[in-house]
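# Structural overview for review
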Amino acid sequence: MRDDGSVGSKLQKRSAVFFVYLHQLPRWVPLVVLPALLIAGLAVPGVVGGMLLVVLALLVWFAFLAAPVRSPSHRVVRLVVPLVVLAVAIGKLVS
């Protein structure tokens, strides 16, 4: 991992342990866990559903940090998807 002093590289450096752990998991685990968290977070009412969505947003953020950047539009997706999930989670927590 290159350390060019940017915020992204510092965040990636601090998240390296989590990335290594994710890399060691079987490939099917994220494909099952992420949709399960989304469905459970949307289906379960109240604070519990909101917390599941917050966990999902964090996992999606880490997954996007681990993936290489391909284009400027890909960077936008990296920011928008976790923010949308987090906004839905906050909406569930508030209501």
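Residues numbered from 1 in each chain as written. Predicted model: local features only at pLDDT ≥ 70, side-chain atom pairs only at ≥ 80, totals over all residues. Heavy atoms only, no water.

### Here we look at the overall build of the chain
Scanning the chain from terminus to terminus reveals 5 helices and 0 strands. Listing every helix and strand of the chain by position from the N terminus yields α-α-α-α-α. A burial count over the chain gives 20% of its 95 residues as buried. Taking all contacts inside the chain whose residues are at least 6 apart in sequence as the whole, residues at least 24 apart take part in 49%. Carbon and sulfur atoms make up 74% of the accessible area of the chain, which totals about 6,700 Å². (Helix = DSSP H or I, 4+ residues; strand = E, 2+ residues; numbered from the N terminus. Buried < 20%, exposed > 50% of the residue type's maximum accessible area, 1.4 Å probe, protein only. Contact = heavy atoms within 4.5 Å. Areas by Shrake-Rupley, 256 points an atom, 1.4 Å probe, with all protein chains shown as cover.)

### Description of helix α3 (residues 28-43)
Taking 1.5 Å as the rise per residue, α3 with 16 residues should run 22 Å; its terminal C-alpha atoms sit 23 Å apart, in good agreement. Those residues of α3 lying buried are V29, L37 and G41. Down the axis of α3, the buried side of the element spans an arc of 65°, and every buried residue falls inside it. Opposite the buried face of α3, by more than 90 degrees, sit the exposed residues W28, L31, I39, L42 and A43. Each element contacted by the buried residues of α3 is listed here: α4 (46-66) and α5 (72-94). (Expected span 1.5 Å × (residues − 1). Arc of directions from axis to C-beta.)

### Re the confidence of the model for the chain
Averaged over every residue, the pLDDT of the chain is 79; the share at 70 or more is 88%. Averaged pLDDT values for the elements of the chain fall to 67 in helix α1 (residues 7-14) and rise to 87 in α3. (pLDDT = per-residue confidence, 0-100.)

### A short note on the layout of surface pockets
Here the largest pocket defines a volume of roughly 540 Å³. If you list the elements that add at least two residues to the lining of the largest pocket, you get α2 (16-24), α3 and α4. (1 Å grid on protein atoms, 1.4 Å probe; cavity = no way out; pocket = protein on both sides within 12 Å on 5 of 7 lines; lining within 4 Å. Points joined across faces, edges and corners; volume = space filled by probe spheres on them.)

### Section: the packing of α4 against α5
Taken N-terminus to C-terminus, the directions of α4 and α5 make an angle of 170°; their axes are 7 Å apart at the nearest point. One finds that α4 runs roughly antiparallel with respect to α5. In terms of residue class, the contact of α4 with α5 is built from 19 nonpolar, 3 polar and 2 charged. (Axes fitted to C-alpha atoms, helices over the stretch in contact; angles between N-to-C directions. Parallel < 35°, antiparallel > 145°, perpendicular 65-115°, else oblique. Nonpolar A, V, L, I, M, F, W, Y, C, P; charged D, E, K, R; others polar.)

### Observations regarding a nonpolar patch on the surface
Together, L38, L42, V76, L79, V80, L83, V84, L86, V88, I90 and V94 make up an exposed nonpolar region whose accessible area comes to about 940 Å². Among the secondary structure elements, those contributing two or more residues to the nonpolar patch are α3 and α5. With 9 residues, α5 is the largest single contributor of residues to the nonpolar patch. Residue position: V84 is located in helix α5. (Patch = residues over 30% accessible without salt bridge, like charges linked within 9 Å, V, L, I, M, F, W, Y side chains within 5 Å. Salt bridge = Lys/Arg side-chain N within 4 Å of Asp/Glu carboxyl O.)

### Concerning the environment of A36
Relative to the assigned elements, A36 resides in helix α3. Sequence separation between A36 and L56 is 20 residues, and the spatial gap between their C-alpha atoms is 9.4 Å.

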